[in-house]
Amino acid sequence: MSQSSGLLLDVLSRMDEAATRLKLDWEIYKTLKSPRTSLTATFPIRMDDGSVEIFTGYRVLYNYARGPSKGGIRFHPDVRIGEVTALAALMMLKCAVAGVPFGGAKGGVTCDPTKMSMNELERLTRRYTYMILPLLGPEKDIPAPDVNTNEQTMAWMMDTYSMLAGYTVPGVVTGKPFELGGSRGRSYATGRGVAYVTSELLQRLNMSLKGATVAVQGFGKVGSNTARFLHQEGCKIVGVTDLSGGIYNENGIDIPSLIKHTNNEKYISGFDGGEFVADYKKANEKLIRSNVDILVPAALENQITEENASEINAKVIVEGANGPITNSADIILSKKGKTVVPDIVANAGGVIVSYFEWVQDVQAYLWTEDQVNQRLKEVITEAFLKVWNIAEKHGTDMRHAAYMEAVRKIVEVTRLRGIFP
Ligand code: NAD
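Residues numbered from 1 in each chain as written. Predicted model: local features only at pLDDT ≥ 70, side-chain atom pairs only at ≥ 80, totals over all residues. Heavy atoms only, no water.

1. Notes on the overall build of the protein
Scanning the protein from terminus to terminus reveals 14 helices and twelve strands. For 421 residues, the compact-globule formula gives about 22 Å, and the C-alpha radius of gyration of the protein, at 20 Å, lands near that figure. In terms of overall dimensions, the protein has C-alpha extents of about 55 × 55 × 45 Å along its principal axes. Pairs at least 24 residues apart make up 68% of the contacts formed inside the protein by residues separated by at least 6 positions. When the accessible surface of the protein is split by element, carbon and sulfur atoms take 50% of a total near 17,500 Å². Looking at charge distribution, the protein has the averaged site of its 47 positive side-chain charges lying 4 Å from that of its 47 negative ones. (Helix = DSSP H or I, 4+ residues; strand = E, 2+ residues; numbered from the N terminus. Rg over C-alpha atoms; globule rule 2.2 N^0.38 Å. Contact = heavy atoms within 4.5 Å. Areas by Shrake-Rupley, 256 points an atom, 1.4 Å probe, with all protein chains shown as cover. Lys, Arg positive; Asp, Glu negative; His and termini not counted. Charge placed at Lys NZ, Arg CZ, Asp CG, Glu CD.)

2. So, the pairing of strand S6 (residues 213-217)
Of all five residues that make up S6, five are buried, and the element is covered over most of its length. Bridge analysis of S6 against strand S7 (residues 236-242) gives five bridges, and the strand direction is parallel. Within S7, the position partnered with Val 214 by the bridge is Ile 237. Of the crossover connections in this fold, the one passing from S6 over helix H7 (residues 221-232) to the parallel S7 is right-handed. Here four bridges tie S6 to strand S10 (residues 294-297), and the two strands are oriented parallel to one another. In the strand pairing of S10, Val 214 is matched with Ile 294. (Buried < 20%, exposed > 50% of the residue type's maximum accessible area, 1.4 Å probe, protein only. Pairing = 2+ DSSP bridges. Right-handed = clockwise from strand over helix to strand, strands pointing away.)

3. Some points on the packing of aromatic side chains
According to the stated counting rule, one finds eight aromatic pairs in the structure shown. Look at Phe 102 and Trp 358: their rings are 5.2 Å apart centre to centre, the planes differ by 75°, and that puts the pair in the edge-to-face class. In this pair, Phe 102 sits in the loop between helix H3 (81-98) and strand S4 (103-110) while Trp 358 sits in helix H12 (residues 349-363), placing the two residues 256 residues apart along the sequence. In this pair, the class of Phe 102 matches that of Trp 358, namely buried. Where Tyr 355 meets Phe 356, the ring centres are 6.1 Å apart and the plane angle is 45°; that geometry is what we call tilted. Taking the relative accessible area as the measure of exposure, Phe 356 reaches 5% and is therefore buried. Clustering of aromatic rings is evident, with ring pairs tying together Phe 102, Tyr 355, Phe 356, Trp 358 and Trp 367. (Phe/Tyr/Trp six-rings, centres within 6.5 Å; stacked < 30°, edge-to-face > 60°.)

4. Considerations on the pairing of strand S8 (residues 245-248)
Residues Gly 245 and Ile 247 line one face of S8 and the alternating positions Gly 246 and Tyr 248 line the opposite face, and both faces are buried. Bridge count for S7 against S8 is four bridges, and the pairing is antiparallel. Of the residues in S8, the one forming a bridge with Asp 242 is Gly 245. Counting the residues in the hairpin turn of S7 and S8 gives two residues. Taken together, the three bridges between S8 and strand S9 (residues 275-277) define a ladder with antiparallel strand orientation. Residue pairing in the sheet places Ile 247 in a bridge with Phe 276 of S9.

5. Considering the sheet that holds S4
Taken in spatial order, the five strands of this open sheet run S1-S2-S4-S3-S5, and their pairing is mixed. One side of each edge strand has no neighbouring strand; the edge strands of this open sheet are strand S1 (37-46) and strand S5 (141-145). Going across the sheet, the axis of each strand differs from the next one's by a mean of 20°, ignoring polarity. Bridging between strand S3 (residues 69-76) and S4 involves six bridges; their strand directions are parallel. Paired with Arg 74 across the two strands is Gly 108, which belongs to S4. The sheet strands contacting helix H4 (residues 118-131) are S1, strand S2 (52-63), S3 and S4, and the helix crosses S1 at an angle near 140°. (Axes fitted to C-alpha atoms, helices over the stretch in contact; angles between N-to-C directions.)

6. Side note on the site of the ligand
Surrounding the ligand, one finds 25 residues, the nearest of these being Asp 146, Thr 190, Val 222, Asn 284 and Asn 322. Gly 220 is positioned such that a nitrogen or oxygen atom in its backbone is 3.2 Å from an oxygen atom of the ligand. Leu 243 places a main-chain nitrogen or oxygen 3.1 Å from an oxygen atom of the ligand. Coverage of the ligand by the protein chains reaches 91% of its 830 Å² of free accessible surface. Within the residue set of the shell around the ligand, elements represented by two or more residues are H7, S7 and helix H9 (280-289). Of the residues belonging to the shell around the ligand, the class tally is nine nonpolar, ten polar and six charged. When residues are assigned to domains, the shell around the ligand turns out to be shared by domain 1 (3-10 + 33-170) and domain 2 (189-346), each giving three or more. (Near = heavy atom within 4 Å. Polar contact = N/O pair within 3.5 Å; in protein donor to acceptor, adjacent residues only side chain to side chain. Nonpolar A, V, L, I, M, F, W, Y, C, P; charged D, E, K, R; others polar. Domains from an automatic or database assignment.)

7. Some points on the sheet that holds S8
Adjacent strands of a sheet form backbone hydrogen bonds with each other and so pair up, either parallel or antiparallel. Spatial ordering of the open sheet is given by S9-S8-S7-S6-S10-S11-S12, a layout of seven strands whose pairing is mixed. Each having just a single partner strand, S9 and strand S12 (339-341) make up the two edges of the open sheet. Geometrically, the sheet is characterised by an average inter-axis angle of 15° between neighbouring strands, direction not taken into account.

8. Overview of H12
For H12, with 15 residues, the first-to-last C-alpha span of 21 Å sits near the 21 Å given by 1.5 Å per residue. Counted residue by residue, H12 has twelve buried out of 15 residues, so it is predominantly covered. Those residues of H12 that sit buried are Gly 349, Gly 350, Val 351, Ile 352, Val 353, Ser 354, Phe 356, Glu 357, Trp 358, Val 359, Gln 360 and Asp 361. In the core, the buried residues of H12 are packed alongside S3, H3, S5, helix H6 (189-204) and helix H13 (369-394). (Expected span 1.5 Å × (residues − 1).)

9. Things to note about H7
Three- or four-residue spacings in an α-helix give side chains the same orientation, since the helix completes a turn every 3.6 residues. With twelve residues, H7 should cover 16 Å at 1.5 Å per step; its first-to-last C-alpha distance of 17 Å lies within 8% of that length. Buried within H7 are the following residues: Gly 223, Ser 224, Asn 225, Thr 226, Ala 227, Phe 229 and Leu 230. Looking at the buried side of H7, the elements it contacts are H6, S6, S7, helix H8 (255-265) and S10. With its phi angle positive at about 100°, Gly 234 sits one or two positions after the end of H7.

Structure below.
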């Protein structure tokens, strides 16, 4: 993917459509069409066998008109500047829809973490943090975990930043271990939020969560926790895929046991609780076609395209991942009468609790798990309802409504601040 990745073009064209529909001042709006700051860094890492490898990492601060920029760090072989820019723009939009006072950012390193040792990953994380250091800070830019990064990655980033600052700065990252100032409930917040949003949606469609059938693509931080909370609400999870393949059981997969299995084995393969398909591409095809009420893509972007959109049987699609449905697939789904809850609403639980974590760090006052979960429910439900009502009022789908709400808010803040100098 280059600077103009498919996802970036999709996001920009949806933003243009929202600005046109709302008749926003184009001179102000056009400041949102490119990122404020993009940093590309190439750096060497000493590998365990003594060799030196060169890696490329990125950090894109798409926009910080509404507050410090915020967004995850991804370690993946496909990380490219265009994709990172698109994901940073989505973060800007997501924070605006959720009403969280942050801008949007994203970062990543092109690497295959599955082939690296813990020591190599630690050196990579610390050197990457050093390379992007001028951008970081609790009032400037605040990273969080994303694909293939976790609490440990955030602990290393926080420590590297703090060592160079000369004092401990917990608020420079979110999604860190609780012992270092992390928030209760952050590790599963995105999945919990997806479940809250799904529950609100089903109420409005006169569908019941109890007994509803669900297929989940991706069984990492977002997919596994979404499955966990929907399972707790009485849904029947009948299909799950990850990079090792897919598991299907029409009587419902035992999700707590599958989570126990993946905590030990990392992947779903080897789990003895349903029919297993070992090729993950075939497993995804079967999952996407499955006859379920709810489909939750929670792996990566561009999974539902014009090639497979017409084969979707699910009644509703709730986007756990960022950008899993392309624009052309969206059009097909809309013609088929499918309801889609877009990423910038559905998976906002992560950034909402990241905001809570940052507030707790800045105040050095920790909340209880119940307080975190209750406030998450309030904030994400309010965002969902606002977008649902805009969609009804304008006779459009939830994605267009969410983009309208986000773009309107960011343009208004930009107008009030004015153009510097
Ligand atoms: P993760 O690394 O924890 O998990 C990714 C999962 O997807 C793994 O189970 C992996 O095996 C699987 N996977 C990868 N490629 C796949 C494919 N082609 N088919 C099927 N499964 C595949 O990552 P995560 O944090 O759960 O993030 C998943 C998605 O959710 C990403 O789009 C991310 O940007 C988005 N997201 C994450 C958060 C968060 O808080 N972590 C918040 C909002 C959005």
